[in-house]
Every structure is written in structure tokens, then in C-alpha cells.
Amino acid sequence: MKLERSNSERRGGGGRVVNDVGGLDFNAIDQSEHELTFYEKRVDAMLMVLVGNSVFRVDALRRAIESYAEQEYDGIPYYDRWMKAIRDLLIEQEVLDADAIEVRISEVCDRLEKEGLEVDRAPVV
Amino acid sequence: MLNSIPPQRFKAGDHVRVLDRPSIGHCRTPVYLRGRSGIIIGVAGRYLDPEKLAYHKPGMPAHLLYRIRFRQVNIWDTYTGTDADDLEADIFEYWLENATKENKK
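All values reported here derive from a predicted model rather than from experimental measurement.

Quick notes on the rules
Residues numbered from 1 in each chain as written. Chains lettered and ligands numbered in written order. Predicted model: local features only at pLDDT ≥ 70, side-chain atom pairs only at ≥ 80, totals over all residues. Helix = DSSP H or I, 4+ residues; strand = E, 2+ residues; numbered from the N terminus. Buried ≥ 20, exposed ≤ 12 C-beta atoms within 10 Å, placed from the backbone. Contact = placed C-beta atoms within 7 Å. Axes fitted to C-alpha atoms, helices over the stretch in contact; angles between N-to-C directions. Parallel < 35°, antiparallel > 145°, perpendicular 65-115°, else oblique. Nonpolar A, V, L, I, M, F, W, Y, C, P; charged D, E, K, R; others polar. Expected span 1.5 Å × (residues − 1). Pairing = 2+ DSSP bridges. pLDDT = per-residue confidence, 0-100. Left-handed = near helix turned anticlockwise from the far one by under 90°.

Looking only at helices and strands, chain A has five helices and zero strands in total. Ordering the α and β elements of chain A from the N terminus gives α-α-α-α-α. Within the span of chain A, comprising 125 residues, buried residues form 12% of the whole. Restricting to contacts in chain A with at least 6 residues of sequence separation, those with at least 24 account for 54%.

Structure follows, in C-alpha cells:
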């Protein structure tokens, strides 16, 4: 569901970061539940493994997500935000190389297309 | 070192105000509580500093985290509920100052 912020109040001396929405007006909260997908469980598991092995703290994940622009933060699903932040932090911590990630994504896309699946190759920015 | 831990500045029942200051980077103190006053309920624990952990720093020194009760009428300038409505939030000690009473901002 698309979020619609009806104001962008700035109180106090510091700018409000994108996740700090307390007191802002929004449209109704989508309270519908769904079973976690396999993808969502894998993202969760990946985060636990990385945090458990001290690659970064969950505080860093939050910081990475909070750095997104408002349109991006509001526009992508919860676990996609995690996935993107994990990608950014793995590069930041020099665990993986950005180019290597792109090459690997491309390889996986090729394989899935060969299997007859429709693939969205839009880059993750 | 145990003796390097600074003394606890606040106790249950103390009136405190959340500092109304800018933050840079990762911060757990929500904007809507900055400058607002409440009463200390107790200490939630002592935790490594998330503002530093977020940048891969050790997060030292650890800070006391207090649970604070705010009256909704003291938070929202246009609140229309009753005076009895409240809200509890956990705020780190270094974000708090003494307040003489539970006054509005």
C-alpha cells in the first residue's frame, strides 16, 4: 500500500529523519497480515547470520535504512528495505564487492530466464 | 572498570525534559518527544550507545536508558483526549535534563 504523508513537519533544531514519523499524518495503516514468504524468511535468516557473526550490528541496519530518501523509504516493502541495507552494509564493510554483486545478480537472472521465469532486471539503487 | 561508571542522574518520580536539540545520523530519540517533559518510571537498563554502534563503533560508554511516562496532552499541542492518557518511552540519560514540573513545552 502506498503511504501518503499529508505533512512534513520539522520540529526542533534537527531535521526529522525518514523513519521518525511519530505525529505526522498518514492515510490508514494497512493492518492486513500475510504468511511470511520464503524470500522474507531468507532475508531474515541472512540478517541473523550477519549480525550473529558480528559483520555489523542491527543498529547499522537501521541507520542504513534511515538514510533512504522519503520516496524510497515509503515505496519499498519492509524486507526489501532490509535486503537493500544488507547489500549496502556488506559493501561498506568490504565483505562483498559492488561489481561482484551485480555480476552475480546478472548470472542468477540469466539462469531464472532459462528456466522460463519472468525476471525484473531493474537495478537496485 | 566499575568505578568508571558515572552515577545515575535520575530516579523514579523525577520530572525530566527530553533535550530539544538536533541529531546527526542514527538517533533513537523521536522528534515528537524532544522538548517534552515527563516522569521517570525507572531504569530500563544500561546499553551500548546505538548512535555509535550504527557506525560500527564499540558504543562505549554504555548509557542508562530510562522509562519515562509522558502525558499525551503534554506531547501533542492539539490533543483532544483526556488528561489521563499517557505514553511510555525509553530515552537515554544523555538526552534528558531536569524539569521542575511536568510542564508543556
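A count of helices and strands for chain B gives two helices and five strands. Each principal axis of the C-alpha distribution contributes one length, and for chain B these read about 45 × 30 × 20 Å. Long-range pairs, those at least 24 residues apart, make up 59% of the contacts in chain B between residues at least 6 apart in sequence.

Cis geometry marks the peptide bond from Met60(B) to Pro61(B); its omega dihedral reads -5°. The topology assignment puts Pro61(B) in the loop between α1 (50-53) and β3 (63-71). Of note, Glu94(A) is a non-glycine position whose phi angle comes to about 60°, a positive value. The residue Glu94(A) is located in the loop between α4 (78-92) and α5 (98-114) in this model.

Turning our attention to the packing of helix α2 (residues 58-66) of chain A against α4(A). Residue and element names in this part refer to chain A. One can describe the packing of α2 onto α4 by two numbers: an axis separation of 9 Å at closest approach and a directional angle of 105°. By the angle class used here, α2 and α4 are roughly perpendicular. Taking contact as the criterion, the partners of Ala60, Leu61, Ala64 and Ile65 in α2 are, on α4, Arg81, Trp82, Ala85, Asp88 and Leu89. In terms of residue class, the contact of α2 with α4 is made up of seven nonpolar, no polar and two charged.

Taking 1.5 Å per residue, 15 residues should reach 21 Å; helix α1 (residues 38-52) of chain A reaches 21 Å between its end C-alpha atoms and fits that length. Among the residues trailing α1(A), Ser54(A) stands out with phi positive, at a value near 60°.

The subject of this paragraph is the sheet that holds strand β5 (residues 96-98) of chain B. Residues and elements named next belong to chain B. Across the sheet, five strands lie side by side as β4-β3-β2-β1-β5; this open sheet has antiparallel pairing. With one partner strand each, in any of the chains shown, β4 (86-92) and β5 form the two edges of the open sheet. Here the strands of the sheet are splayed against their neighbours by 40° on average, with no regard to which way each runs. Here three bridges tie strand β1 (residues 15-18) to β5, and the two strands are oriented antiparallel to one another. Counterpart to Val16 in the pairing with β5 is Asn98.

All names here are of chain B. Looking at chain B as a whole, its pLDDT mean stands at 91, while 90% of the residues score no less than 70. Mean pLDDT across the elements of chain B ranges from a minimum in helix α2 (residues 72-75), with 95, to a maximum in β4, with 98. Per the prediction output, this complex has pTM 0.85; the corresponding ipTM is 0.85.

Glancing now at α2(A). Considered for burial, the residues of α2(A) that qualify are Asp59(A), Ala60(A), Leu61(A), Arg63(A), Ala64(A) and Ile65(A). Where α2(A) is buried, its residues meet α1 and α4 of chain A together with α1 of chain B.

Residues and elements named next belong to chain A. As a packed pair, α1 and α4 sit with axes 10 Å apart at the nearest point and diverge in direction by 40°. Judged by the inter-axis angle, α1 sits oblique to α4. As α1 runs across α4, the sense of the crossing is left-handed. Here Glu40, Val43, Met46, Leu47 and Leu50 of α1 come into contact with α4, specifically with Tyr79, Trp82, Met83 and Ile86. For the contact of α1 with α4, the per-class residue count stands at eight nonpolar, no polar and one charged.

Right, let's get into the confidence of the model for chain A. Confidence along chain A averages 87 in pLDDT terms, with 86% of residues attaining 70 or more. Mean pLDDT across the elements of chain A bottoms out in helix α3 (residues 70-75) of chain A (86) and peaks in α1(A) (97).

This part takes up the environment of Ala64(A). Residue and element names in this part refer to chain A. Position of Ala64 among the secondary structure elements: in helix α2. The spatial distance from the C-alpha of Ala64 to the C-alpha of Asp30 is 24 Å, given a sequence separation of 34 residues. In contact with Ala64, not counting residues within four places along its chain, are Ala85, Asp88 and Leu89.

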